[in-house]
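One-letter residues, chain by chain:
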Amino acid sequence: MQMTASNHKNVLKLLTLGLIFHVVFIASVFDCYFTSPVVHGMLPRRAGPGEAKRVVLIVGDGLRADLLFSVNAFSFVPSSPKIVAPHLRDIIQTRGAFGLSHTRVPTESRPGHVAIIGGMYEDVSAVTKGWKTNPVHFDSVFNQSSHTFSFGSPDILPMFAQGATPGKVDTWSYDEEDEDFTKDATALDTWVLDQLQTLFQNASSNDLLDSELRADKVVFFLHLLGLDTTGHSYRPHSKEYMNNIQVVDSIVRQTEELFSKFYNDEETSFIFTADHGMSEIGNHGDGDPDNTRTPLIAWGRGIRGPLPDIIPSSHDEYSRPWQLDDFLRRDVEQADLAPLMAALLGINYPVNSVGILPDADPTRPGYLLPREGESALVRLALANAESILEHYRVKHESKAAQTILYKGFEPLEEVSRDGKPSRVSWLSKIQRLISDERWFEARRETAELIKVTLQGLRYLETYNRVLIRIIVMIAYLGWSAYASLSIFPPPASLVSGRQRTTIRLATATILAIFWALFTAERAPWTFYVYVTFPCYFWQQFALHGVPIVVQQFKSSDRRGPFIGRVLFHLVIVVVVLQCMVAAYTHRSLWSIGFLVMGILWPYASWSSHVRSQHPRLLLSWMSSCVVTGIFPLLDVNKREDLYMIMCGGAMILAVGAGCTRLASNGPLKTLTPSEIIQASFILLAMTITASSVKSLQAKQGLPIINQISAWVILAVSSIYPFISKAQHSTPTSRILSLFLGFGVCFVILSISVEGLFYTAFTCNLLLWIEVEATVRSNRAGTASQNQGYEFHTDDIRIALFFLFFVQVAFFGTGNVASISSFYLEPVYRLVPIFNPFLMATLLIFKIVAPYVILSAVFATLNARLHLPPFSLFLVALTLTDGMTMTFFLNVTDTGSWLEIGQSISFFCITSLLLVWSAGICTAGEYLMVDTLLFHKSTDSRKLE
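Residues numbered from 1 in each chain as written. Predicted model: local features only at pLDDT ≥ 70, side-chain atom pairs only at ≥ 80, totals over all residues. Heavy atoms only, no water.

1. Considerations on the overall build of the protein chain
Right, so step 1: Helix and strand content of the protein chain: 35 helices and eight strands.
Right, so step 2: Scored against the burial criterion, the 944 residues of the protein chain give a buried share of 57%.
Right, so step 3: Sequence-distant contacts, at least 24 apart, represent 79% of the contacts inside the protein chain between residues at least 6 apart.
Right, so step 4: Working note: accessible area of the protein chain is about 38,200 Å², and carbon and sulfur atoms make up 60% of it. (Helix = DSSP H or I, 4+ residues; strand = E, 2+ residues; numbered from the N terminus. Buried < 20%, exposed > 50% of the residue type's maximum accessible area, 1.4 Å probe, protein only. Contact = heavy atoms within 4.5 Å. Areas by Shrake-Rupley, 256 points an atom, 1.4 Å probe, with all protein chains shown as cover.)

Printed below as a string of structure tokens:
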């Protein structure tokens, strides 16, 4: 395979198609496992006459349940109180009900509030809309109320005003600029209380406002963002987070006093909860149990008081530190809060709600204490069941109308003796039990109906899952087969014209059948794309790949050993890829991988001649692998450490200066002006970072001069290697220029040892070039690049090494396979105001920086082995989806939310990393093209 213009064009076509394919198929996990639950056309069901005139919903954004409930939760803080929230604890012990509200993933503010107020769980991809105004008009408790007064964050309130009946939801929000992570976030919470107080004061002079406030079925929503902001800035286990909980507790107490004074009645219900929790490092988003467990406390009109604990106990090891064992703990799912509020107000259940009224099950005490007693609970539960059943009916009829050979959900659709579906007969049975005043049996049947109906909804949502899974797996296998065509030379005899026509006709027929099926079922447009890719891949493999396989098989003298070698290498590849899969959960496997590369491989594979002739190279390679392998073993829960940040900057300077001198072809040389400029950038970044860290830790805010200077240095330093006119005599000097350029990123955006990892990783990669060149030259001699590329089985090992480095570039800095594993403290040195997309961009930039070095190294390695561009990467390209397929099959939407969140994170991260593996190789070839050409011409002149 010579890298002619035609071949170069084919490679770029392959890379472009691969990038598009992988990006598109990331969406397949959501189409397969997590689809939007929003449908329209349901008839609402009213939740009884109501118990209270108004409901006050208070959400402590980002509040962890254990830190609110536990005794001595902040014992590490000097002079900390034993009970951090005395008012809320008093409510639990004297006049309210409490428990946990279990959230689903993604544990973000938007999906959490949608579950609380709308009673529905958005699809997991809603994390990408976490801070946007809701583009989907779903029903909510706010929309069913007579009027809603909401106070809090501009990121949350608008989504419930849009889509509601015009004029029904009023919002009071502070400015986005007030969400400053470097300031005291409790001011955001006290602002909410001040606005509520002002609202009540204004009512004394505004008759219309007064009548709206005193009407029935009114909702007040107090969104307290301070805890979320404080948790991000200082982490949950901090004095600041403790102080914020105390402020929230005080706000709850003062809110009660305001309502008591203004209304002077006992017709108010209060619900206090959180949209999500907070992980140890101050983040959320995934299924970490600390993110999914939030507190729930309810009291006031219609809410039962505290009940003694039951046998077996409602408490577990998690709640033992609360020292509330004498009181019943009643856990709910987060979506259950919407029907609870609807029942308290006597309004319609939100039509999209799948929440279960906590009192539907007669065997478990709930939260309600209605005036009419047991009969009211039965009717509330029945209305809840009818609302969810209506949801099922609309989805069932839609699916039946769209699906060919549709099979209904048997427990609800089986025809009974009266000729009606069993769901209708079930409702009639419950009505008869109510008429006979057999309350317990009626509630039990209602609870069972709700349970079965939710199973029916899930049946409909997963109806096409098997088909999508099969298509996706065939597509990934097809891509691997298609990519492998670029490795082997085309056979002398291709398929005949008749066979070519037959293959193309068969492909078109299969594609037409699937498209017709999707059209009949009104499937999403993505389904058409999903099935197109595998059809194209397998068509190309049938046309060009099968003849290659046949030729290789026929050309082998002994077919048995040939098949054995193929199977042996296939097993090795599968085992290595599955070890990388396991390393997503067990980080120590990355370190074991370094030991295998650094110690086992040289002694198992290198010839004794290479080891004896290059002892310094062997020792350097082993040492580099061992040092770099230390980083995955370090604790991922890091604290901001200025000393380690400065050590990282110093090591970047030291390695850059040392390697720059050694990179010269001649004797040691002095640093060039360009190198001095780059070193100055790092020194300036270290100085500014030290100043910013000290200022932020002292809670003095971020000096504007520091912010501007950091942005300028980061931008200029990152661009400088690409615009500098410095002439690089060797590929290594070009790589070191990129290393210094992105070194600033690993000073300004580091929290601890990232700079040290960046240095060790780069040294390891530079040594990899020398090691592979030495091993290859001693094995096969130096081949001319003009002879083209001939596949060697050793190339599989190099490709696996490359994929290993692709993974380590991500995991080595301390990240884990989670969407909430990134530290935010360094971002505040550049962006102190809440700006999620800019913050995410900076985090991604930091992740990409090591890949720039890896891309340049891999392009250089390709050239040092005298191979055409992209040759080795084409081998890696055929292996990349071994991990992706495993993670796709492991994705789950059942089990614990930790398992669900991890399974999604694993798939998305490995897909993106493998997409980047294609992108960085393309980038590397273009980054290094001038230097490699210059170096090649220099070598040619020397030979002459």
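2. Quick notes on the packing of helix α10 (residues 226–234) against helix α11 (residues 239–263)
Right, so step 1: Orientation of α10 relative to α11, taken along the N-to-C sense of each, is 175°, at an axis distance of 9 Å. With respect to their mutual orientation, α10 and α11 come out roughly antiparallel. Together, Gly 226, Leu 227, Thr 230, Gly 231 and Tyr 234 of α10 and Glu 240, Tyr 241, Asn 244, Ile 245 and Val 248 of α11 make up the contact between the two elements.
Right, so step 2: Looking at the contact of α10 with α11, its residues break down into five nonpolar, four polar and one charged. (Axes fitted to C-alpha atoms, helices over the stretch in contact; angles between N-to-C directions. Parallel < 35°, antiparallel > 145°, perpendicular 65-115°, else oblique. Nonpolar A, V, L, I, M, F, W, Y, C, P; charged D, E, K, R; others polar.)

3. So, a nonpolar patch on the surface
Right, so step 1: A surface patch of nonpolar side chains, about 450 Å² in accessible area, is lined by Val 466, Ile 470, Ile 474, Leu 477 and Trp 538.
Right, so step 2: Considering every element that reaches the nonpolar patch, the biggest residue donor is helix α18 (residues 465–484), with four residues.
Right, so step 3: For Val 466, the position within the fold is in helix α18.
Right, so step 4: Judged by relative accessible area, Val 466 falls into the exposed class, the value being 57%. (Patch = residues over 30% accessible without salt bridge, like charges linked within 9 Å, V, L, I, M, F, W, Y side chains within 5 Å. Salt bridge = Lys/Arg side-chain N within 4 Å of Asp/Glu carboxyl O.)

4. Some words on the nonpolar core
Right, so step 1: Ranked by internal contacts, the top residues of the largest apolar core, which has 153 residues, are Trp 621, Trp 768, Phe 802, Phe 805, Phe 858, Phe 873 and Leu 877.
Right, so step 2: Setting aside its immediate chain neighbours within four residues, Phe 858 contacts Trp 768, Ile 798, Phe 802, Leu 872, Phe 873 and Cys 921.
Right, so step 3: Ranked by size, the runner-up nonpolar core spans 51 residues in total, among them Val 56, Leu 88, Leu 213 and Tyr 241. (Core = buried A, V, L, I, M, F, W, Y, C linked by side-chain atoms within 4.5 Å.)

5. With respect to the sheet that holds strand β2 (residues 96–102)
Right, so step 1: Within the open sheet, the eight strands sit side by side as β4-β3-β5-β1-β6-β7-β2-β8. Their pairing is mixed. Of all strands in the sheet, those with a lone pairing partner are β4 (169–173) and β8 (332–333), marking the two edges.
Right, so step 2: Relative to strand β6 (residues 268–273), strand β1 (residues 54–60) runs parallel, the two being bridged by six bridges. The residue of β6 that forms the bridge with Arg 54 is Thr 268.
Right, so step 3: Set on the sheet, helix α8 (residues 186–203) makes contact with β3 (147–152), β4 and β5 (218–224); between it and β5 the angle comes to about 155°. (Pairing = 2+ DSSP bridges.)

6. Regarding unusual backbone geometry
Across the chain, the bulk of peptide bonds are trans and the bulk of non-glycine residues have phi less than zero.
Right, so step 1: Geometrically, the link from Val 105 to Pro 106 is a cis peptide bond, its omega value of 0° lying close to zero.
Right, so step 2: Among the structural elements, Pro 106 can be located in the loop between β2 and α5 (109–118).
Right, so step 3: Look at the link from Ile 311 to Pro 312: it is a cis peptide, with omega at 0°.
Right, so step 4: You can see Pro 312 is positioned in the loop between β7 (293–300) and β8.
Right, so step 5: A positive phi angle, near 55°, is found at Gln 323, a position not held by glycine.
Right, so step 6: Tracing the sequence through the fold places Gln 323 in the loop between β7 and β8.
Right, so step 7: A positive phi angle is found at Lys 699, which is not glycine, with a value near 60°.

7. Considerations on the side chain of Asp 61
Right, so step 1: Structurally, Asp 61 is set in the loop between β1 and α3 (65–69).
Right, so step 2: It is Arg 110 that comes nearest to the buried, bridge-free Asp 61 among opposite-charge side chains, at 13 Å.
Right, so step 3: Setting aside residues no more than four positions away along its own chain, Asp 61 makes contact with Ser 109, His 113, His 223, Leu 224, Leu 225, Leu 227, Asp 228, Asp 275 and His 276. (Lys, Arg positive; Asp, Glu negative; His and termini not counted.)

8. Points about the pairing of β5
Right, so step 1: The buried count for β5 comes to seven of seven residues, which makes it a mostly enclosed element.
Right, so step 2: Both faces of β5 are covered, namely the face carrying Val 218, Phe 220, Leu 222 and Leu 224 and the face carrying Val 219, Phe 221 and His 223.
Right, so step 3: As paired elements, β1 and β5 share seven bridges and run parallel to each other. In the sheet register, Val 55 faces β5, and the bridge partner there is Val 219.
Right, so step 4: Sheet topology places β3 next to β5; five bridges connect them, and they run parallel. Its bridge partner lying in β5, Thr 148 is registered against Val 219.

9. Re empty space enclosed by the protein
Over the atoms rolls a probe the size of a water molecule, and its path tells where empty space is left.
Right, so step 1: Scanning all chains against the criterion turns up seven cavities of 30 Å³ or more.
Right, so step 2: One number sums up the size of the largest cavity: a volume of about 140 Å³.
Right, so step 3: If you go around the largest cavity, the residues you meet are Leu 749, Glu 754, Ala 809, Thr 813, Asn 815, Phe 822, Tyr 823, Pro 826, Val 827, Leu 843, Lys 846 and Ile 847.
Right, so step 4: At three residues, the largest contribution of residues to the lining of the largest cavity is made by helix α32 (residues 836–864).
Right, so step 5: In the lining of the largest cavity, the residues fall into eight nonpolar, two polar and two charged. (1 Å grid on protein atoms, 1.4 Å probe; cavity = no way out; pocket = protein on both sides within 12 Å on 5 of 7 lines; lining within 4 Å. Points joined across faces, edges and corners; volume = space filled by probe spheres on them.)

10. Some points on the pattern of salt bridges
Right, so step 1: Per the stated rule, a full pass over the model turns up 30 salt bridges.
Right, so step 2: When the shortest N-O distance is used, the salt bridge between Glu 374 and Arg 443 registers 2.8 Å. Note that Glu 374 is positioned in helix α14 (residues 374–402) and Arg 443 in helix α17 (residues 439–461), a separation of 69 residues in sequence.
Right, so step 3: What makes Arg 443 buried here is its relative accessible area of 6%.
Right, so step 4: Note that Arg 797 is salt-bridged to Asp 794, the shortest N-O span being 3.0 Å.

11. Re the packing of α5 against helix α13 (residues 337–345)
Right, so step 1: Two elements in contact, α5 and α13, have axes whose closest approach is 5 Å; the angle formed by their N-to-C orientations is 35°. Residues Ala 115, Ile 116, Ile 117 and Gly 118 of α5 form the contact with α13, whose participating residues are Leu 337, Ala 338 and Met 341.
Right, so step 2: The residue inventory of the contact of α5 with α13, partitioned by class, reads six nonpolar, one polar and no charged.

12. Remarks on the confidence of the model for the protein chain
Where the model shows low pLDDT, its predicted coordinates should not be examined in detail.
Right, so step 1: Taken residue by residue, the protein chain gives an average pLDDT of 86. The fraction at 70 or more is 88%.
Right, so step 2: For the stretch residues 781–786, pLDDT sits under 50, and the model shows 11 contacts to residues farther than four places along the chain or on other chains.
Right, so step 3: Within the model, pLDDT remains below 50 along residues 939–944, and this stretch shows one contact once partners closer than five positions in the same chain are excluded. (pLDDT = per-residue confidence, 0-100.)

13. What to know about a negative patch on the surface
Right, so step 1: Together, Asp 175, Glu 176, Glu 177 and Asp 178 give the surface a local cluster of negative charge.
Right, so step 2: You can call Glu 177 exposed: its relative accessible area is 54%. (Charge placed at Lys NZ, Arg CZ, Asp CG, Glu CD.)

14. Observations concerning helix α34 (residues 881–890)
Right, so step 1: With respect to burial, α34 is a largely interior element, eight of its 10 residues being buried.
Right, so step 2: Taken residue by residue, α34 has Asp 881, Gly 882, Met 883, Thr 884, Met 885, Thr 886, Phe 887 and Phe 888 as its buried positions.

15. Notes on helix α24 (residues 615–628)
Since one α-helical turn is 3.6 residues long, residues separated by three or four positions face the same way.
Right, so step 1: Between its first and last C-alpha atoms α24 spans 20 Å; for 14 residues at 1.5 Å apiece the expected length is 20 Å, and the two agree.
Right, so step 2: Residues Leu 617, Leu 618, Trp 621, Met 622, Ser 624, Cys 625 and Thr 628 constitute the buried set of α24. Projected down its long axis, α24 shows its buried positions confined to an angular sector of 165°, all on one face. Along α24, exposed side chains directed more than 90 degrees from the buried face belong to Arg 616 and Leu 619. (Expected span 1.5 Å × (residues − 1). Arc of directions from axis to C-beta.)

16. Focus: the packing of aromatic side chains
Right, so step 1: Applying the stated criterion to the full structure yields 66 aromatic pairs.
Right, so step 2: Centre to centre, the rings of Phe 533 and Phe 537 are 5.9 Å apart; their planes meet at 40°, and the pair counts as tilted. Of this pair, Phe 533 and Phe 537 both sit in helix α20 (residues 525–555), four residues apart, roughly one helical turn. An identical accessibility class is assigned to Phe 533 and Phe 537; each is buried.
Right, so step 3: Residues Trp 601 and Phe 801 carry aromatic rings whose centres are separated by 5.2 Å and whose planes lie at 85° to one another, so their mutual orientation is edge-to-face. One end of the pair, Trp 601, is in helix α22 (residues 588–605); the other, Phe 801, is in helix α31 (residues 794–811), and 200 residues separate them in sequence. Grouping residues by exposure puts Trp 601 and Phe 801 together as buried. (Phe/Tyr/Trp six-rings, centres within 6.5 Å; stacked < 30°, edge-to-face > 60°.)

17. Concerning the side chain of Asn 862
Right, so step 1: Structurally, Asn 862 is set in helix α32.
Right, so step 2: For Asn 862, a relative accessible area of 2% gives the class buried.
Right, so step 3: Setting aside its immediate chain neighbours within four residues, Asn 862 contacts Leu 867, Pro 868, Pro 869, Phe 870, Ser 871, Leu 872 and Glu 925.

18. Concerning the environment of Gly 598
Right, so step 1: Note that Gly 598 resides in helix α22.
Right, so step 2: Distance from Gly 598 to Met 622, taken between C-alpha atoms, is 4.5 Å for residues 24 residues apart in sequence.
Right, so step 3: If near-sequence neighbours (up to four positions away) are discounted, Gly 598 is found in contact with Trp 621, Met 622 and Cys 625.

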